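The lines below spell out each chain.
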Amino acid sequence: MTLSLYSDEQYMQEALKQARYAFEEEEIPIGAVVVLNKRIIARAYNQTEKLQDVTAHAEMLALTAAANHLGNKYLQECTLYVTVEPCVMCAGATAWAQVRRVVYGAAEPKFGYRRHGQLLHPRAEVVSGILAQESESLMREFFAQKRK
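Residues numbered from 1 in each chain as written. Predicted model: local features only at pLDDT ≥ 70, side-chain atom pairs only at ≥ 80, totals over all residues. Heavy atoms only, no water.

- If you look the chain up in an unreviewed UniProt entry, it shows as tRNA-specific adenosine deaminase from Hymenobacter swuensis DY53.
- What UniProt records for the chain under Sequence similarities (unreviewed entry) is the sentence "Belongs to the cytidine and deoxycytidylate deaminase family."
- According to UniProt, the comment filed for the chain under the heading Subunit (unreviewed entry) is "Homodimer." (UniProt positions renumbered as here; feature names shortened; annotations may be inferred.)

**A few points about helix H4 (residues 88-97)**
- The element H4 is largely enclosed, with a buried count of seven among its ten residues.
- Turning to H4, its buried residues number three or more, namely Cys90, Ala91, Gly92, Ala93, Thr94, Ala95 and Ala97. (Buried < 20%, exposed > 50% of the residue type's maximum accessible area, 1.4 Å probe, protein only. Helix = DSSP H or I, 4+ residues; strand = E, 2+ residues; numbered from the N terminus.)

**Points about the packing of helix H1 (residues 8-24) against helix H5 (residues 132-146)**
- Direction vectors running N to C along H1 and H5 enclose 0 degrees, while the axes themselves pass 11 Å from each other. With respect to H5, the axis of H1 lies roughly parallel. Touching Leu16, Ala19, Arg20 and Phe23 of H1 are Glu134, Ser135, Leu138, Glu141, Phe142 and Gln145, all from H5.
- Within the contact of H1 with H5, the residues separate by chemical class into five nonpolar, two polar and three charged. (Axes fitted to C-alpha atoms, helices over the stretch in contact; angles between N-to-C directions. Parallel < 35°, antiparallel > 145°, perpendicular 65-115°, else oblique. Contact = heavy atoms within 4.5 Å. Nonpolar A, V, L, I, M, F, W, Y, C, P; charged D, E, K, R; others polar.)

**A closer look at the nonpolar core**
- Counting residues in each nonpolar core, the largest one holds 23 residues, and the members touching the most others are Val34, Leu75 and Val99.
- In this structure, Tyr11, Met12, Tyr81 and Val103 belong to the second largest nonpolar core, which totals 16 residues. (Core = buried A, V, L, I, M, F, W, Y, C linked by side-chain atoms within 4.5 Å.)

**Considerations on the UniProt feature "active site" (unreviewed entry) in the chain**
- Mapped onto this numbering, the UniProt entry gives "active site" (unreviewed entry) at Glu59.
- Tracing the sequence through the fold places Glu59 in helix H3 (residues 58-70).
- In this structure, Glu59 is in contact with Ile30, Ala32, Leu80, Val82, Val84, Pro86, Cys87 and Cys90, ignoring residues within four places of it in sequence.

Spelled out as structure tokens, the structure:
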């Protein structure tokens, strides 16, 4: 099923829905969607615990689903929306997939790709801070519950 939306904020709302699914399943609450021609072609959330797979990040799962949807490993015309700044692994995957645009909400000062230099595709546009407060709030709530 595809969904037609029109703004970065609306697509990020869809990524936040995915992050809430992760939260409900006691996964780190990060969600992602991939958009092509104003249509969501893939959605995912973190599933590292569920799948017992350290690579099952929301971005990785969304990129794989998008590639499967398109029948092509390159996502050159796609935008990846993710609630938290991608880690080095996910940033590298977006570079290899040649994702045109990456939009994320909250910065990730410990594990975010920016801490390690530019890892995205050289032509990729990066937009940050879209619904950052909502993304940060969900992460804080998740980790506060874990510490109880």
